[in-house]
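Architecture at a glance
Residue strings, one per chain:
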Amino acid sequence: MSWLLRWLGRILLALALVIAGLLSPLAYIETMCRPQGTPAAHASLLPPDWQRPEARTLLTYPEWHIVHAYDDYAEVIRTGEPHQFGFLSSIGGFWSSLCALSRASGEHGGFDWTTKQTIYTIGVSFTTELLLKAAYEETLGRATAWARGPDHAPLDDLSARQASDYATFLQQVPWYKWDFTRDAAALDAAATNALRDRERRWALGIEYRVKAAYAQVIEAAVASVGADQLRLRAVVTGITPATLAALPDVQVIAERPEGIEIEAPRYRVFTRLAETIAAEGGSFVDIAGNDDIMFTVITDAPSMDGAIHSFARQGNPGYRHLVLLPVAGLTAALRALPPGALEHIHDY
C-alpha cells in the first residue's frame, strides 16, 4: 500500500507541475504585461449596435496567431518533416505577442476579463496541443520518418495537403466547423502497408477524431451563447456609392456629410475589401465605431518602424509585424506597402 501511495503522490505532483507550467504564461501576462495608458474619447459615426470595443483590433490577433501557426506547419511538412517545425517557437510567439498587445491595449479600452477568458483558454489549449504534438513527433514520429527514408510516404503528402486546406479554411470560418472526421476517413482510404503510413494513419487518425469530438462540444457551446457578428459597418470617403455597391457582398447603407456608410463581411474578406477600396482611392473615416486599427505585414526585415511586435515566420519566408495606426491612415498605408506585404487587417 505504501508504494501505491508514493506513486500516487508522484503522479499528483507531476500533474500539478504540468498545470502550473501551462498556467505560468497567464501569470506572466497578468503581472508583467499590464495595459498601459488611458483611452482617448472618440465619437463614433455609426449606430451603437454596430460599434465594437477598440481593443479588439489588438486582441483578435492571438486567434490569428494560431491560424498562422497552422499555415506555417503546413508549409514545413509540405517538403520536410513534422519534427522540423518549431513547436516551442510557435508557442512562445503566441504568448510574447499577447504580452505586447496587452500592454498596448491600455490606450484602447484595456484587456477586459471576458476577452481574457477566451484568449487564455485558447492559449492554454494551443500550448497543450503543440507540446503533445512535439513530444510525439520528436520521438515515435521522428523514428518512423527516419525508417521511411528521404522520400515522403503517401500519407505524408496527404496530411500536408490537409493541413494547408485547414489553414486556408481558418481564415474565414471557425475551426470547429472543419470536418475532421472526413480527414480521418481520407487517411484510412489512402494508407498503404508501409510503416510510415500505418503510423501516420494511427497518430493523425487519433488527433483528428479527438478534435472532431471537441469541435462538437465547442460548437454546442457557441450556439448556446450566440456566434460572433460576421459583418461590420464602416464609413468611407473618396469613392462613389456606385463603386462601393458594386463590390462583392458590400451594402451601401447611407450617404452622409462625413462619408458613405457601408456594411461588409469581416475577417479575411474585409482585408481584401480594404485593399480594393485603397486601390480605388478611398479612405476610411470610421470602422466599427473606432478610430484606430491594427494590421499585420510580412517583410524581409526583422523590424519595422511603428510595429508593436515583430518575429520570424516558420516555413514561410519573412517576418510578421503587428502595426497599429489611425483608421483614417489605413488606406494610405496600404497603398504604400509593397505588393503582397499586407497579411491581415484585424477588424475588431
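For the structure itself, look to the data block above.
Residues numbered from 1 in each chain as written. Predicted model: local features only at pLDDT ≥ 70, side-chain atom pairs only at ≥ 80, totals over all residues. Heavy atoms only, no water.

As for the state of the cysteines
- Counting across every chain of the model gives one disulfide.
- C33 shares a disulfide with C99; S-S distance 2.0 Å. Because the torsion about its S-S bond is -90°, the bridge between C33 and C99 counts as left-handed. Linking C33 in the loop between α1 (2–32) and α2 (56–59) with C99 in helix α4 (residues 87–104), this pair joins segments that are 66 residues apart in sequence. (Disulfide = S-S within 2.5 Å. Helix = DSSP H or I, 4+ residues; strand = E, 2+ residues; numbered from the N terminus.)

Observations concerning the sheet that holds strand β5 (residues 292–299)
- The sheet built from four strands is open, its strands ordered β6-β7-β5-β8 with antiparallel pairing. Looking along the sheet, the strands with just one partner apiece sit at the ends: β6 (307–312) and β8 (342–346). Geometrically, the sheet is characterised by an average inter-axis angle of 20° between neighbouring strands, direction not taken into account.
- Pairing analysis gives eight bridges linking β5 to strand β7 (residues 319–326), with the strands arranged antiparallel. Within the sheet, the bridge partner assigned to V297 lies in β7 and is H321.
- Here helix α3 (residues 61–79) sits on the sheet and contacts β5, β6, β7 and β8; the angle it forms with β8, its principal contact strand, is near 150°. (Pairing = 2+ DSSP bridges. Axes fitted to C-alpha atoms, helices over the stretch in contact; angles between N-to-C directions. Contact = heavy atoms within 4.5 Å.)

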